[in-house]
Amino acid sequence: MHDLTALILSASYFGILAIVFAETGLLVGFFLPGDSLLLAAGVLAANGDLNLGGVMVAVIVGAVLGCVAGYWIGHRFGRNIFSQPNAKFFKPEYITRAELFFQKYGWLAVILARFVPVVRTLVPTMAGVSRMPLGLFNLYNIAGAVLWGVSVPALGYYLGGLIPNLDRYILIIVGGVAVVSVIPIIFKVVQARRA
């Protein structure tokens, strides 16, 4: 926790914004600390080291801009990647599947993806690949960013004020949150393989 705390305090609000932007918008950002960063920033706000409102604004702005960048990457380059008929991983039929998925579940996917590691990195790009209407995407993008950017730091703030020395246990809590957030994905994958 000490390393994450030191990183957050040294980078401050701009660093939080930049990390959230990279994690949600750039495909290489999937390994960055999303939920753990937000929880830890909330705990630091409870300790008086950061302002909770400033943390929330940084997260929301970074998340909205990151998703827009991810959308445009998918919109601009995605179809070319999926155009090879004999491709092993990026098959052309995946575009059709993505289009059908976003027509049916687009709003839900864009909003709820915020709360699932790795998925929050992929969904904006796939929304761009599937040509989800930009206006609708941005509406759901902003709604998801506000929900995620307010609730997770607020949870960290609440727990930081409730439990003394929580910063010593934040990695255990973050690990538990990561496990719980991956369970629905595993369940859906197993369910899809059976069908």
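Below or above, wherever it landed, is the structure these notes cover. (Residues numbered from 1 in each chain as written. Predicted model: local features only at pLDDT ≥ 70, side-chain atom pairs only at ≥ 80, totals over all residues. Heavy atoms only, no water.)

Focus: the overall build of the protein
Where we set the bar: The secondary structure listing takes helices from DSSP runs of H or I that are at least 4 residues long and strands from runs of E that are at least 2 residues long, numbered from the N terminus. Residue exposure (1.4 Å probe, protein chains only): buried if accessible area is under 20% of the type maximum, exposed if over 50%, otherwise partly exposed. Contact criterion: two residues are considered in contact whenever any of their non-hydrogen atoms come within 4.5 Å of each other. Only the protein chains shown count as cover for residues, with accessible areas throughout obtained via the Shrake-Rupley method and a probe of 1.4 Å.
When you go through the protein residue by residue, the secondary structure sums to seven helices and zero strands. Ordered by position from the N terminus, the helices and strands of the protein form the series α-α-α-α-α-α-α. Looking at the protein as a whole, 41% of its 195 residues are labelled buried. Contacts in the protein between residues at least 24 apart in sequence constitute 79% of all its contacts with a sequence separation of at least 6. For the protein, the accessible surface area stands at approximately 10600 Å², while carbon and sulfur atoms represent 71% of it.

Points about the side chain of Glu 23
The condition that has to hold: Whenever a nitrogen or oxygen atom comes within 3.5 Å of another N or O atom, the pair is scored as a polar contact, on the condition that within protein one atom can donate a hydrogen and the other can accept it, and that pairs from neighbouring residues in sequence are kept only if both atoms are in side chains.
Locating Glu 23 in the fold gives a position in helix H1 (residues 2-25). Polar side-chain contacts of Glu 23 include one of 2.8 Å to the side chain of Arg 120.

A short note on the packing of aromatic side chains
For clarity, the threshold we go by: For this analysis, a ring pair means two rings from Phe, Tyr or Trp (six-membered ring only for Trp) whose centres lie within 6.5 Å, classed as stacked if their planes differ by under 30 degrees, edge-to-face if by over 60, and tilted for the remaining angles.
Within this structure, the stated rule accounts for two aromatic pairs. Centroid distance Tyr 71 to Trp 72: 5.6 Å. Interplanar angle 90°. Geometry classified as edge-to-face. For Tyr 71, a relative accessible area of 3% puts it in the buried group. Exposure remark for Trp 72: the relative accessible area of 42% places this residue in the partly exposed category. Every member of this aromatic cluster is reached through a ring pair, and the members are Tyr 71, Trp 72 and Phe 137.

Considering the pattern of salt bridges
Basically, it comes down to this: The term salt bridge refers to a pairing of a side-chain nitrogen on Lys or Arg with a carboxyl oxygen on Asp or Glu at a separation within 4 Å.
For the structure shown, the criterion picks out one salt bridge. The partner of Glu 23 in a salt bridge is Arg 120, with the nearest N and O atoms 2.8 Å apart. Here Arg 120 lies in helix H5 (residues 119-129) and Glu 23 lies in helix H1, a separation of 97 residues in the sequence. Judged by its relative accessible area of 2%, Arg 120 falls in the buried class.

Observations regarding the nonpolar core
Inclusion rule: Among buried residues, those of type Ala, Val, Leu, Ile, Met, Phe, Trp, Tyr and Cys that are joined through side-chain atoms within 4.5 Å constitute a nonpolar core.
In terms of nonpolar packing, the biggest core is built from 23 residues, with Ile 16, Val 20 and Leu 50 touching the most fellow members. Only H1, helix H2 (35-46), helix H3 (52-81) and helix H6 (134-162) provide two or more residues apiece to this core. Broken down by element, this core gets its largest block of residues, eight residues, from H3. Core analysis: the second largest hydrophobic core is formed by 12 residues, Phe 102, Ile 111, Ala 127 and Tyr 140 among them.

Description of a nonpolar patch on the surface
Operational definition: A residue counts toward a patch only above 30% relative accessible area and without a salt bridge, and it is joined to like-charged neighbours within 9 Å or, for Val, Leu, Ile, Met, Phe, Trp and Tyr, to nonpolar neighbours within 5 Å.
Side chains of Phe 101, Tyr 105, Trp 107, Leu 108 and Leu 112 sit close together on the surface and give an oily, nonpolar patch of about 470 Å² of accessible area. Secondary-structure assignment places Phe 101 in helix H4 (residues 93-112).

Details of H6
Spelled out, the test is: One fewer than the residue count of a helix, multiplied by 1.5 Å, yields its expected span.
The end-to-end C-alpha separation of H6 is 41 Å, in line with the 42 Å expected for 29 residues at 1.5 Å each. Regarding H6, the residues found buried are Phe 137, Tyr 140, Asn 141, Gly 144, Ala 145, Trp 148, Gly 149, Val 152, Pro 153, Gly 156, Leu 159 and Gly 160.

Brief notes about H5
Because an α-helix completes one turn every 3.6 residues, residues spaced three or four positions apart along the sequence face the same direction. In terms of residue burial, H5 counts as a mostly covered element, since eight of its 11 residues are buried. Those residues of H5 lying buried are Arg 120, Thr 121, Val 123, Pro 124, Thr 125, Ala 127, Gly 128 and Val 129. Of the residues trailing H5, Arg 131 is marked for its positive phi of about 60°.

As for the packing of H4 against H6
To be explicit about the condition: Interaxial angle, 0 to 180 degrees, is taken between N-to-C directions of lines fitted to C-alpha atoms, where a helix line uses only the stretch in contact. The hand of a helix crossing depends on one turn: near helix anticlockwise from the far one by less than a right angle means left-handed, and clockwise means right-handed. Here the term charged refers only to Asp, Glu, Lys and Arg, the term nonpolar to Ala, Val, Leu, Ile, Met, Phe, Trp, Tyr, Cys and Pro, and the term polar to all other amino acids, Gly among them.
Interaxial distance between H4 and H6 falls to 7 Å at its minimum, and their mutual angle equals 35°. Every pair of crossing elements has a handedness; the one defined by H4 and H6 is right-handed. Residues Gly 106, Trp 107, Val 110 and Ile 111 of H4 touch H6, and the partners they reach there are Phe 137, Tyr 140, Asn 141, Ala 143, Gly 144 and Leu 147. Here the contact of H4 with H6 is built from residues that sort into seven nonpolar, three polar and no charged.

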